[in-house]
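# Examining the three-dimensional arrangement
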Amino acid sequence: MSPRCDLSGLEICRDPYVTVLTGAGVSAESGVPTFRGENGLWKSYRAEELATPGAFARDPVLVWEWYDWRRQVCAGTNPNAAHHAIAQLDRGLSRFLLVTQNVDGLHARAGSKSIVELHGSIFRARCTGCGRLDEDLPVPLEAIPPMCDCGAPLRPDVVWFGEGLPEEALAKAFEASRSCDLMLVVGSSAVVQPAASIPLLAKQAGSSVIEINPDATPITPFVDMHLEGKAAEILPTLVNQIL
Ligand code: OAD
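What counts, and where the lines are drawn
- Residues numbered from 1 in each chain as written.
- Predicted model: local features only at pLDDT ≥ 70, side-chain atom pairs only at ≥ 80, totals over all residues.
- Heavy atoms only, no water.
- Pairing = 2+ DSSP bridges.
- Helix = DSSP H or I, 4+ residues; strand = E, 2+ residues; numbered from the N terminus.
- Expected span 1.5 Å × (residues − 1).
- Buried < 20%, exposed > 50% of the residue type's maximum accessible area, 1.4 Å probe, protein only.
- Contact = heavy atoms within 4.5 Å.
- Axes fitted to C-alpha atoms, helices over the stretch in contact; angles between N-to-C directions.
- Right-handed = clockwise from strand over helix to strand, strands pointing away.

On to the sheet that holds strand β5 (residues 133-134). Taken together, the 3 strands give an open sheet; going across it, the order is β5-β4-β6, and neighbouring strands pair in antiparallel fashion. On the outer flanks of this sheet lie β5 and β6 (154-158), each paired with one strand and no other. Sheet topology places strand β4 (residues 120-127) next to β6; 4 bridges connect them, and they run antiparallel. Paired with Arg126 across the two strands is Arg155, which belongs to β6.

Okay, helix α4 (residues 60-75) next. Each turn of an α-helix holds 3.6 residues, which means side chains three or four residues apart point in the same direction. With 16 residues, α4 should cover 22 Å at 1.5 Å per step; its first-to-last C-alpha distance of 22 Å lies within 8% of that length. Of the residues making up α4, those classed as buried are Val63, Trp64, Trp66, Tyr67, Asp68, Arg70, Arg71 and Cys74. Residues of α4 that are buried sit in contact with α1 (41-44), α2 (47-50), α3 (53-58), α6 (106-110), β4 and β6.

Bringing the sheet that holds strand β8 (residues 208-212) into the picture now. Taken in spatial order, the 6 strands line up as β3-β2-β1-β7-β8-β9 in an open sheet, and their pairing is parallel. Of all the strands in the sheet, the pair left with one neighbour each is β3 (115-117) and β9 (225-227). Within the sheet, the average angular offset between the axes of one strand and its neighbour, ignoring direction, is 15°. Against the sheet, helix α7 (residues 167-179) contacts β1 (18-22), β2 (96-100), β3 and β7 (182-186), and its axis sits at roughly 130° relative to β2. Each of β1, β7, β8 and β9 is contacted by helix α9 (residues 231-242), which is oriented at about 170° to β7, the strand it contacts most.

Across the 5 residues that make up β8, a large majority, 5, are buried. Note: β7 against β8, 5 bridges, orientation parallel. By the bridge assignment for β8, Met183 is matched with Val209. With helix α8 (residues 198-204) bridging β7 and its parallel neighbour β8, the resulting β-α-β unit is right-handed. When β8 meets β9, the two strands line up parallel, connected through 3 bridges.

See the structure below:
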């Protein structure tokens with residue numbers, strides 16, 4: 001057993017209600033770039049030119065070209081040991097919820113079932129006219145921007161800066177964070193709201209919170225345990241101790 005994963009001090013009950021909050025770091029070892037940090041996407045690209053409603057209104061082709069590239073990157077990767085360990089928790093516990101900020105679809109591909117996608121999915125498009133959802137667009141896209149049968153352009157069904165999160169998803173995430181016994185926060189810089197407030201809500205409600213991240217984040221001072229390292233290396237051991 002890795003001493004970094006010794007949970008004895010936390011007095012975690014048997015078959016605990018676990019909520020996991022993931023960010024881009026959980027997919028880093030699969031080869032999906034994170035947003036912040038040394039090689040993060042926001043180092044090379046400007047969010048306001050690519051991930052806002054205004055950017056899409058100004059230049060839908062540019063925005064879609066970027067998302068088409070990211071869809072290809074994500075489609076070319078596979079879930080790693082961290083995604084698989086989280087799916088194991090989903091199967092092994094009576095009460096479990098995964099709340100992810102990621103749009104890459106890797107949790108579902110690893111077999112997780114109870115998933116709340118706070119920021120949407122890069123593999124789903126939404127019509128800007130009639131609101132129809134489309135999960136069947138080819139990778140790579142055949143036409144940019146892709147068009148709906150109703151004649152309006154489709155947009156990526158992701159949450160952009162300046163937009164609200166899907167209400168039902170957020171309500172489920174908040175409810176789980178208030179009710180769980182244990183929350184794991186995996187690979188998130190914890191700077192983007194409202195996701196960043198979820199661990200603090202759990203802590204206030206009496207849950208134990210464990211952060212898994214090679215770096216410290218703004219929530220590190222508030223968590224019960226910070227396991228410093230890569231998600232794919234730490235989570236399999238951690239999950240074995242919880243189950
Ligand atoms: P970030 O890119 O902000 O943060 C990734 C975090 O993962 C950092 O804290 C890294 O230290 C950590 N990390 C890197 N490699 C890791 C590994 N192998 N194992 C564990 N952790 C690792 O990603 P998010 O917090 O997900 O929003 O970003 C939140 C939101 O900001 C995203 O959903 C996206 C972005 O703008 C939207 O697009 C709406």
